[in-house]
Amino acid sequence: MTDNTVTDNTVTGNTVTETPAPEPVPPTAGEPAAEHQPTAPRPASRRLLRAGAATAAAALAGVAIGIGIIKTQYDEPAPATAAGPSAAPAPAATATPFGAKSNGNHFGSLRDLLLPVPAGYELGPDEGGYGNDTELGAERLSADLDAELQQIPKDKRDKLRSYWDGLHVKATGVRTYRTGEGDLVVGLKLRQFNQQEVQKLNEYTAVFTGDTGLFRVGPEIPGHPEAHCYLMPAPPSAPIDYLECSAAEGDLLVVMNVEGVAPLPKDRIVALFTMQLDRLARPGASA
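This report concerns the structure included in the present document.

Bringing unusual backbone geometry into the picture now. Here Ala 262 and Pro 263 are connected by a cis peptide whose omega angle stands at -5°. In this structure, Pro 263 sits in the loop between strand S10 (252-261) and helix H7 (266-279). The backbone of His 168 shows a phi angle near 55°, a positive value even though the residue is not glycine. One can find His 168 in the loop between helix H5 (154-167) and strand S5 (171-179). Judged by its relative accessible area of 52%, His 168 is exposed.

Structure follows, in structure tokens:
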């Protein structure tokens, strides 16, 4: 990693080095097993959304977007109350618009931009104890980064803080999904920061996962050439497998982490990631 990069703490424990280029260490994971398992145990939630080494490095967004995920509390809707005989009808709530501008920057809540739970799925396990439907604010992430940086020498700390400031981090959103059978757990993350850095990090992930030979080739995402998927290194007999996909969509780095019983249903995974990217397509807005 460069001396101005902090990796996603779900993978590296927030370690920082000062080598010239990102060289994330690939995690060990399971390799697809033969298709002979009639029932699938629910994958352990503690492994949910574990970022692969490449995404952790390339997404640097982990810089604090992945450090100390802080859940933003959302107010529950007020309970409805019965109106008196002469009370006027309450006005209908107005949906907050969300979408993308022509320049690629997105607007609206990241929770709205995240893919709603599709048919056949339910909200998945909590991510890191912070819930399964979360938006992270830039101010709190910045404060968490400062806390993490106290563990490293001041000269490196200042460089990392300067790099973070240059990213212009806005927020990140996380939502998890699980099939009704519990044999597949999916995590989607939207990381919102400087467009140029989003593009660079996504391109680096593509190069690293494709050229090093450390990762198995994943499925393509039709209609989205900027997206790429790869599977974690694994022994041939492991019952659980792990796949990650990454894409740059304007000012959003989109990362999908999948864990499930081997062999993974790649068609379903591709369909999910395609729906998420289509939702972020520019320009346009939804309500």
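Throughout the structure, instances matching the rule amount to 3 aromatic pairs. Relative to Phe 215, the ring of Phe 208 has its centre 5.9 Å away and its plane inclined at 65°; by these criteria the two rings are edge-to-face. Judged by its relative accessible area of 10%, Phe 208 falls in the buried class. Between Phe 215 and Tyr 230 the ring centres are 5.4 Å apart and the planes differ by 75°, which places this aromatic pair in the edge-to-face class. Highlighted residues: Phe 215 in the loop between helix H6 (195-211) and strand S7 (216-217) and Tyr 230 in strand S8 (residues 228-231), separated in sequence by 15 residues. Tyr 230 gets classed as buried once you look at its relative accessible area, which sits at 2%.

A few words on the environment of Leu 149. Topologically, Leu 149 is positioned in helix H4 (residues 138-149). With a relative accessible area of 3%, Leu 149 lands in the buried category. In the structure, Leu 149 is positioned 12 residues away from Arg 161 in sequence and 8.3 Å away in space, judged by C-alpha atoms.

Time to look at the state of the cysteines. Considering all chains together, one arrives at 1 disulfide under this definition. The disulfide partner of Cys 229 is Cys 245, and the S-S distance across this bridge is 2.0 Å. What sets the handedness of the Cys 229 and Cys 245 disulfide is the S-S torsion sign, and at about 110° it is right-handed. Within this pair, whereas Cys 229 is found in strand S8, its partner Cys 245 is found in strand S9 (residues 240-249), the two being separated by 16 residues in sequence.

Rules used in this analysis
Residues numbered from 1 in each chain as written. Predicted model: local features only at pLDDT ≥ 70, side-chain atom pairs only at ≥ 80, totals over all residues. Heavy atoms only, no water. Helix = DSSP H or I, 4+ residues; strand = E, 2+ residues; numbered from the N terminus. Buried < 20%, exposed > 50% of the residue type's maximum accessible area, 1.4 Å probe, protein only. Phe/Tyr/Trp six-rings, centres within 6.5 Å; stacked < 30°, edge-to-face > 60°. Disulfide = S-S within 2.5 Å.

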